[in-house]
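Residues per chain are reported as follows:
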Amino acid sequence: MIVAFLNHKGGVGKTTLALHVAGAWAAQGKRIVVVDTDSQGSALDWSEQRTKEGLPRLFDVLELVHDTLHAEASEIARDAHHVVIDGSSHSAALMRSAMLAADLALVPAQPSPFDGWAAGETLRLLQEAQRFRPQLTARFVLNRCVARSLIASEIAAVLAKHDPPALAARIGQRVAFGDAARTGRLVSEMPRSEPAAREVAALAAEIERIAR
Ligand SMILES: Nc1ncnc2c1ncn2[C@@H]1O[C@H](COP(=O)(O)OP(=O)(O)O)[C@@H](O)[C@H]1O
Ligand SMILES: [Mg+2]
């Protein structure tokens, strides 16, 4: 499967979720390739930080910052169980290319009134891509959810019925994600971060169920 984390908006968790979902699958012994399409290369930085810290390589991170991803995707996917595309916030052409490559497009969004709507431009491109590729499935992924926030649960309820709908698995606002990012780790490798690791595992499992 080729899954792409896409949103025009930066800071919504594309890189964080791409790396963590990839890591959860790699921990099950699957061969995973992460494609970093962001010119800032934060997935690549994470992977280099990991090497500096002497941590084992979990998956390869390829840098691909030109808009021919869709032409190269099947070659990249050939020996991999799954390819995870970390989307760009800067280039519509790259986002289009990722949408043409992917089986599943996931749009991370924070459950705030601003974020769902900031995804508008991404959703417009998705609808356009789906005209050419009706098999492209799309879902929101709610990230940075704050427990028991009334507004968050209202938005989650709206997004559950939205087209595209939101996944049932949600990721909470947790400091472990920031600490992990800085040290080239996954939350599952951080102390006292079991709840975050459980959420990631549930997300990775739900994504595989959808793609089946
Ligand atoms: N669930 C979360 N809880 C806490 N911090 C998060 C969470 N998801 C992302 N972050 C932090 O938010 C910032 C932006 O996330 P990032 O994955 O880089 O977004 P994007 O790739 O969409 O620009 C990073 O500092 C990251 O550590
Ligand atoms: Mg990013």
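Just so it is clear, the structure is predicted and the values come from calculations on it, not from any experiment.

A.B. asks: Help me understand the site of ligand 1, please; the structure alone is not making it clear to me.
C.D. replies: Taken together, 15 residues form the shell around ligand 1, and within it Gly-11, Thr-16, Asn-143, Arg-144 and Gly-172 come nearest. With respect to ligand 1, the side chain of Arg-144 contributes an N or O atom lying 2.9 Å from an oxygen atom. A distance of 3.0 Å separates a nitrogen atom of ligand 1 from a polar backbone atom of Arg-174. Taking 560 Å² as the accessible area of ligand 1 by itself, protein coverage stands at 79%. Applying the majority rule of atoms within 2 Å of the grid points places ligand 1 in the largest pocket. Where the shell around ligand 1 is concerned, the elements lending two or more residues are helix H1 (14-27) and helix H8 (175-182). When residues of the shell around ligand 1 are assigned to their parent elements, the largest contribution, 3 residues, is made by H1. For the shell around ligand 1, a count of residues per class yields 3 nonpolar, 9 polar and 3 charged.

A.B. asks: In this structure, what is going on with helix H6 (residues 120-132)? I would like to understand it.
C.D. replies: Between its first and last C-alpha, H6 extends 19 Å over 13 residues, near the 18 Å set by a 1.5 Å rise per residue. If you check which residues of H6 are buried, you get Thr-122, Leu-123, Leu-125, Leu-126 and Ala-129. Down the axis of H6, the buried side of the element spans an arc of 160°, and every buried residue falls inside it. Looking at the buried positions of H6, the neighbouring elements they touch are helix H4 (92-101), strand E5 (104-109) and strand E6 (137-142).

A.B. asks: Could you clarify how one ought to interpret the sheet that holds strand E4 (residues 82-86) in this entry?
C.D. replies: Picture the strands of a sheet paired through backbone hydrogen bonds; they go either parallel or antiparallel. The 6 strands are arranged E3-E2-E4-E1-E5-E6 in an open sheet whose pairing can be described as parallel. At either end of the open sheet lies a strand with only one pairing partner, and these are strand E3 (60-63) and E6. Across the sheet, the mean angle separating the axes of adjacent strands is 25° when strand polarity is ignored. Taken together, the 3 bridges between strand E1 (residues 2-5) and E5 define a ladder with parallel strand orientation.

A.B. asks: Which parts of the structure should I look at to understand the pairing of E4?
C.D. replies: For a regular strand, side chains alternate in direction, first toward one face of the sheet and then toward the other. Burial runs high along E4: 5 of the 5 residues are buried. As paired strands, strand E2 (residues 32-36) and E4 are joined by 5 bridges and run parallel to one another. Each bridged residue has a counterpart across the sheet, and for Ile-32 the counterpart in E4 is His-82.

A.B. asks: Teacher, can you tell me more about the layout of surface pockets here?
C.D. replies: Unoccupied space between atoms shows up once a probe the size of one water molecule is rolled over them. Empty space within the largest pocket amounts to approximately 510 Å³. What lines the largest pocket is a set of 25 residues, among which Gly-13, Thr-15, Thr-16, Arg-144 and Ala-181 lie closest to the centre. When contributions to the lining of the largest pocket are tallied by element, the ones reaching two or more residues are H1, helix H2 (42-52) and H8. Looking at the lining of the largest pocket element by element, the count peaks at 5 residues for H1. Residues that form the lining of the largest pocket fall into these classes: 6 nonpolar, 14 polar and 5 charged.

A.B. asks: When you look at the nonpolar core in this model, what are you seeing that I'm missing?
C.D. replies: Within soluble globular proteins, side chains that are nonpolar generally end up buried alongside one another. In terms of nonpolar packing, the biggest core is built from 35 residues, with Phe-5, Phe-59, Val-84, Leu-203 and Ile-207 touching the most fellow members. The set of elements that each furnish at least two residues to this core consists of E1, H1, E2, H2, E5, H8 and helix H9 (194-211). A total of 8 residues in this core trace back to one element, the largest contributor, which is H1. Among all residues touching Phe-5, those that are not within four sequence positions of it are Lys-14, Leu-17, Ala-18, Val-21, Val-84, Ile-85, Asp-86, Gly-87, Leu-106, Pro-108 and Ile-207.

The rules behind these values
Along each chain, residue indices are assigned from 1 in the same order as the chain's sequence is written. Chain A is the first chain written and ligand 1 is the first ligand written, with later ones labelled in order. Where totals are concerned, whole chains, interfaces and linings use all residues; where local detail is concerned, this predicted model gives features only for residues with pLDDT of at least 70, and gives and counts side-chain atom pairs only at 80 or more. To get the side-chain values, all heavy atoms of the structure are used, and hydrogens and water are removed first. Nearness is defined per residue: one heavy atom within 4 Å of the molecule or strand is enough. Polar contact is defined as a pair of N or O atoms within 3.5 Å, subject to the rule that within protein one atom must be able to donate a hydrogen and the other to accept it, and that residues adjacent in sequence are counted only when both atoms are side-chain atoms. Every accessible area reported is derived by Shrake-Rupley at a probe size of 1.4 Å, with residue values counting cover from the shown protein chains alone. In this analysis, the protein atoms alone were mapped onto a 1 Å grid. Cavities are point sets where a 1.4 Å probe fits without being able to get out; pockets are open sets with protein on both sides within 12 Å along at least five of seven lines; lining residues have an atom within 4 Å of a point. Assignment of a molecule to a cavity or pocket requires that more than half of its atoms lie within 2 Å of the corresponding grid points. A helix here means a DSSP run of H or I that spans at least four residues, while a strand means a run of E at least two residues long, and both kinds are numbered starting from the N terminus. Basically, the charged four are Asp, Glu, Lys and Arg, the nonpolar ten are Ala, Val, Leu, Ile, Met, Phe, Trp, Tyr, Cys and Pro, and anything else, Gly included, counts as polar. In this scheme, a helix's expected span is set at 1.5 Å multiplied by one less than its residue total. Only protein chains enter the accessibility calculation, which uses a 1.4 Å probe; a residue is then buried when its area is under 20% of its type maximum, exposed when over 50%, and partly exposed in between. Here, the arc refers to the directions that run from the helix axis to the C-beta atoms. Only heavy atoms enter the contact rule, under which two residues are in contact if any of them lie within 4.5 Å. By definition, two strands form a pair when at least two bridges between them are found by DSSP. Every angle, taken between N-to-C directions, lies between 0 and 180 degrees, and every axis is a line fitted to C-alpha atoms, over only the stretch in contact when it is a helix. Grid points are joined across faces, edges and corners, and a volume is the space filled by probe spheres set on the points. Only buried residues count toward a nonpolar core. Its members are Ala, Val, Leu, Ile, Met, Phe, Trp, Tyr and Cys residues joined through side-chain atoms within 4.5 Å.

Functional significance is not addressed by these values, which are geometric in nature.
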